[in-house]
Amino acid sequence: MDISHDHKKAVVGVPLTLVVGGARSGKSRYAESLIAALPPPWVYVATAEAGDDEMVVRINDHRARRGPSWRTIEAPRDLAATLTACGTMPVLVDCLTLWLSNLLLAEADIDREIGHLEKTLAESAAPIVLVANEVGSGIVPNSSLGRRFRDMQGALNQRVAARAARVVLMVAGLPLAVKGTL
C-alpha cells in the first residue's frame, strides 16, 4: 500500500481523539469534521465490510458525504499496518467496533491485535480520530458471544480512551467533552 503525503511533518498539537457514542448518535459526521478542519489530504480508514444490501447503502452514504480530498482505505482487520502506512496524514478510523467484530469473527488474537494498535498509536506522528460505539449502555446481550463482544468493546474503548488526549461522547448529534476539550 503506497500512500504519499505532501506535508513533511505531522500537524502539530492535534491530539489522538476517540469519538464514542450510541448508534446513529452523529459519531462519524463529527469525527469527519475534526479531520476536515486539518489540511488535506485526509485518510478515511473504513473497517466495515459490505456483507449485505443494507450495509452497501450505509457505506455508499458515508462515501457520498466525503469529497475528493478523502482517500478511503478498507482495513477490516489489519488496522495497525494501515495506520503505519498513512504516515503523517490526518486519519479517521471508522470504526473500532466493526474492527473488533471482524477480529472476533475471524477468531483472531484480540489482545495481540489491540496491543499492535496501541503500539502504532503511541508511535504515530499523525493526527488520528478513532470512532467507536459505546455498547455498555444498552441491555445485557442474551448470548454469550454478545456478552463477550460487549465486554471486549468496553475494554477496547477504555484502553484507547486512556491513551487519547481527547475523548468525545456523542449524544443526539451533540458532542460532549469527556476528556480534553472540544
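Look a little higher up for the structure.
Residues numbered from 1 in each chain as written. Predicted model: local features only at pLDDT ≥ 70, side-chain atom pairs only at ≥ 80, totals over all residues. Heavy atoms only, no water.

Draft legend 1. Examining the nonpolar core more closely. Leu18, Leu96 and Leu130 are the most contacted members of the largest nonpolar core, which has 32 residues in total. Mapped by element, the contributors of at least two residues to this core are strand S1 (17–21), strand S2 (42–46), helix H3 (79–85), strand S4 (91–94), helix H4 (96–105), helix H5 (110–123), strand S5 (128–133) and helix H6 (144–163). Sorting elements by how many residues they give to this core places H4 first, with five residues. The contacts of Leu96, once residues within four sequence positions are left out, are Leu18, Leu79, Leu117, Leu130, Val131, Ala132, Gln153, Leu156 and Val160. Core analysis: the second largest hydrophobic core is formed by 16 residues, Trp42, Val131, Val168 and Met170 among them. (Core = buried A, V, L, I, M, F, W, Y, C linked by side-chain atoms within 4.5 Å. Buried < 20%, exposed > 50% of the residue type's maximum accessible area, 1.4 Å probe, protein only. Helix = DSSP H or I, 4+ residues; strand = E, 2+ residues; numbered from the N terminus. Contact = heavy atoms within 4.5 Å.)

Draft legend 2. Structural detail: the sheet that holds S1. The strand order across the open sheet formed by seven strands is S3-S2-S4-S5-S1-S6-S7, and the pairing between neighbours is mixed. Unpaired on one side and paired on the other, strand S3 (70–74) and strand S7 (174–179) mark the two borders of the sheet. In this sheet, neighbouring strand axes are inclined to one another by 20° on average, regardless of whether the strands run parallel or antiparallel. Pairing between S1 and S5: five bridges, direction parallel. Within S5, the residue paired with Leu18 across the bridge is Leu130. (Pairing = 2+ DSSP bridges. Axes fitted to C-alpha atoms, helices over the stretch in contact; angles between N-to-C directions.)

Draft legend 3. Focus on H5. Between its terminal C-alpha atoms H5 stretches 20 Å, which fits the 20 Å expected from 14 residues at 1.5 Å a residue. Considered for burial, the residues of H5 that qualify are Ile110, Glu113, Ile114, Leu117, Glu118, Thr120 and Leu121. With its buried residues spanning 165° around the axis, H5 presents them on a single face. The outward face of H5, more than 90 degrees from its buried face, is lined by the exposed residues Asp111, Ala122 and Glu123. (Expected span 1.5 Å × (residues − 1). Arc of directions from axis to C-beta.)

Draft legend 4. Spotlight on the side chain of Thr97. Structurally, Thr97 is set in helix H4. We classify Thr97 as buried; its relative accessible area is 8%. Within the structure, the side chain of Thr97 is placed 2.7 Å from the backbone nitrogen of Asn133, a separation counted as a polar contact. Ignoring anything within four residues of it in the chain, the contact list for Thr97 reads Val131, Ala132, Asn133, Phe149 and Gln153. (Polar contact = N/O pair within 3.5 Å; in protein donor to acceptor, adjacent residues only side chain to side chain.)

Draft legend 5. The pairing of S7, seen in detail. With five bridges joining them, strand S6 (residues 166–171) and S7 adopt antiparallel strand pairing. What sits directly across from Val167, in S7, is Lys179.

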